[in-house]
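So the chains spell out like this:
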Amino acid sequence: QWTKKILDLKLPDGGDAKASVAYHNTLTRFIAIKEERAELAKHHLMVLWTDYFKPAHLEKYPDLHDIFWKAAKACSSCKQEVSLEHAEELMGYIKKVHEIFWETKGKDVAWFTAS
(Lines give C-alpha, C1' and ligand atoms only; values in the text may rest on other atoms or scores of the structure.)
Protein backbone atom coordinates (compact mmCIF):
# COMPACT_ATOMS: atom_id res chain seq x y z
CA GLN A 1 0.00 0.00 0.00
CA TRP A 2 1.17 3.46 -0.83
CA THR A 3 0.06 4.79 2.55
CA LYS A 4 2.52 2.40 4.21
CA LYS A 5 5.27 3.55 1.86
CA ILE A 6 4.56 7.19 2.75
CA LEU A 7 4.54 6.48 6.48
CA ASP A 8 7.77 4.43 6.21
CA LEU A 9 9.62 7.14 4.29
CA LYS A 10 12.41 8.59 6.42
CA LEU A 11 13.02 12.31 6.50
CA PRO A 12 16.75 12.94 5.92
CA ASP A 13 18.90 14.92 8.31
CA GLY A 14 18.58 18.67 7.82
CA GLY A 15 21.97 19.46 6.32
CA ASP A 16 21.87 17.33 3.18
CA ALA A 17 20.13 19.37 0.46
CA LYS A 18 20.39 16.63 -2.16
CA ALA A 19 18.85 14.04 0.19
CA SER A 20 16.12 16.50 1.10
CA VAL A 21 15.20 17.07 -2.54
CA ALA A 22 15.20 13.31 -3.18
CA TYR A 23 12.96 12.78 -0.13
CA HIS A 24 10.47 15.43 -1.23
CA ASN A 25 10.47 14.07 -4.78
CA THR A 26 9.77 10.54 -3.54
CA LEU A 27 7.13 11.74 -1.08
CA THR A 28 5.38 13.74 -3.83
CA ARG A 29 5.40 10.76 -6.17
CA PHE A 30 4.04 8.42 -3.46
CA ILE A 31 1.26 10.89 -2.63
CA ALA A 32 0.33 11.26 -6.30
CA ILE A 33 0.12 7.48 -6.67
CA LYS A 34 -1.94 7.17 -3.46
CA GLU A 35 -4.37 9.80 -4.78
CA GLU A 36 -4.57 8.14 -8.19
CA ARG A 37 -5.21 4.68 -6.74
CA ALA A 38 -7.92 5.95 -4.38
CA GLU A 39 -9.66 7.69 -7.28
CA LEU A 40 -9.32 4.58 -9.44
CA ALA A 41 -10.77 2.39 -6.67
CA LYS A 42 -13.69 4.80 -6.33
CA HIS A 43 -14.27 4.74 -10.09
CA HIS A 44 -14.31 0.93 -10.23
CA LEU A 45 -16.59 0.70 -7.20
CA MET A 46 -19.04 3.12 -8.80
CA VAL A 47 -18.99 1.22 -12.09
CA LEU A 48 -19.77 -2.03 -10.28
CA TRP A 49 -22.45 -0.33 -8.22
CA THR A 50 -24.22 1.36 -11.12
CA ASP A 51 -23.62 -1.13 -13.95
CA TYR A 52 -23.43 -4.59 -12.40
CA PHE A 53 -25.50 -4.86 -9.24
CA LYS A 54 -29.26 -5.15 -9.75
CA PRO A 55 -32.35 -5.00 -7.47
CA ALA A 56 -32.22 -8.79 -7.05
CA HIS A 57 -28.74 -8.43 -5.54
CA LEU A 58 -30.08 -5.91 -3.03
CA GLU A 59 -32.70 -8.40 -1.94
CA LYS A 60 -30.04 -11.01 -1.27
CA TYR A 61 -27.49 -8.53 0.18
CA PRO A 62 -29.52 -5.85 1.99
CA ASP A 63 -26.37 -4.06 3.22
CA LEU A 64 -25.04 -3.57 -0.33
CA HIS A 65 -25.94 0.13 -0.44
CA ASP A 66 -24.19 0.71 2.87
CA ILE A 67 -21.05 -1.20 1.82
CA PHE A 68 -20.68 0.80 -1.38
CA TRP A 69 -21.44 4.12 0.31
CA LYS A 70 -18.86 3.45 3.04
CA ALA A 71 -16.33 2.23 0.47
CA ALA A 72 -16.73 5.41 -1.59
CA LYS A 73 -16.37 7.54 1.55
CA ALA A 74 -13.26 5.56 2.51
CA CYS A 75 -11.78 6.30 -0.94
CA SER A 76 -12.27 10.00 -0.24
CA SER A 77 -10.67 9.66 3.20
CA CYS A 78 -7.68 7.91 1.66
CA LYS A 79 -7.25 10.79 -0.76
CA GLN A 80 -7.60 13.46 1.93
CA GLU A 81 -5.31 11.91 4.54
CA VAL A 82 -2.33 9.66 5.03
CA SER A 83 -4.08 7.20 7.31
CA LEU A 84 -3.26 3.52 7.55
CA GLU A 85 -6.55 3.07 9.43
CA HIS A 86 -8.56 4.47 6.51
CA ALA A 87 -6.53 2.49 3.96
CA GLU A 88 -7.21 -0.74 5.85
CA GLU A 89 -10.87 0.20 6.22
CA LEU A 90 -11.12 0.73 2.45
CA MET A 91 -9.48 -2.61 1.76
CA GLY A 92 -12.02 -4.25 4.07
CA TYR A 93 -14.91 -2.80 2.08
CA ILE A 94 -13.29 -3.77 -1.21
CA LYS A 95 -12.88 -7.31 0.13
CA LYS A 96 -16.61 -7.42 0.97
CA VAL A 97 -17.48 -6.23 -2.53
CA HIS A 98 -15.10 -8.82 -3.99
CA GLU A 99 -16.77 -11.62 -2.00
CA ILE A 100 -20.31 -10.53 -2.89
CA PHE A 101 -19.46 -9.99 -6.55
CA TRP A 102 -17.98 -13.46 -6.99
CA GLU A 103 -20.76 -15.05 -4.97
CA THR A 104 -23.28 -13.54 -7.40
CA LYS A 105 -21.29 -15.20 -10.18
CA GLY A 106 -21.38 -18.55 -8.36
CA LYS A 107 -17.60 -18.65 -8.06
CA ASP A 108 -15.17 -18.84 -5.19
CA VAL A 109 -12.29 -16.54 -6.12
CA ALA A 110 -9.60 -16.12 -3.50
CA TRP A 111 -8.94 -12.67 -2.05
CA PHE A 112 -5.34 -11.53 -2.06
CA THR A 113 -3.45 -8.27 -1.91
CA ALA A 114 -0.04 -7.24 -3.09
CA SER A 115 2.46 -6.76 -0.32
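About the cut-offs
- Residues numbered from 1 in each chain as written.
- Predicted model: local features only at pLDDT ≥ 70, side-chain atom pairs only at ≥ 80, totals over all residues.
- Heavy atoms only, no water.
- Core = buried A, V, L, I, M, F, W, Y, C linked by side-chain atoms within 4.5 Å.
- Buried < 20%, exposed > 50% of the residue type's maximum accessible area, 1.4 Å probe, protein only.
- Helix = DSSP H or I, 4+ residues; strand = E, 2+ residues; numbered from the N terminus.
- Contact = heavy atoms within 4.5 Å.
- Phe/Tyr/Trp six-rings, centres within 6.5 Å; stacked < 30°, edge-to-face > 60°.
- Lys NZ or Arg CZ within 6 Å of the ring centre and 35° of its normal.

Any chance you could break down the nonpolar core for me, citing the residues and the numbers?
Generally speaking, a soluble globular protein has its nonpolar side chains buried in company with each other. Residues Leu-45, Phe-53, Leu-64, Phe-68 and Ile-100 are the most contacted members of the largest nonpolar core, which totals 20 residues. Elements that contribute at least two residues to this core include exactly helix H2 (17-52), helix H4 (64-80) and helix H5 (84-104). Looking at which element gives the most residues to this core, the answer is H4, with 7 residues. If we ignore the near neighbours within four places in the chain, the residues touching Phe-68 are Leu-45, Met-46, Leu-48, Trp-49, Phe-53 and Val-97.

Let's hear about the packing of aromatic side chains: which residues, and what values?
Considering all chains together, one arrives at 6 aromatic pairs under this definition. Taken together, a centroid distance of 4.9 Å and an interplanar angle of 85 degrees make the contact between Phe-101 and Trp-102 edge-to-face. Here the aromatic residues Trp-49, Tyr-52, Phe-53, Phe-68, Phe-101 and Trp-102 are joined through ring pairs into a cluster of three or more. We note Lys-5 situated over the ring of Trp-2; from NZ or CZ to the ring centre the distance is 5.0 Å.

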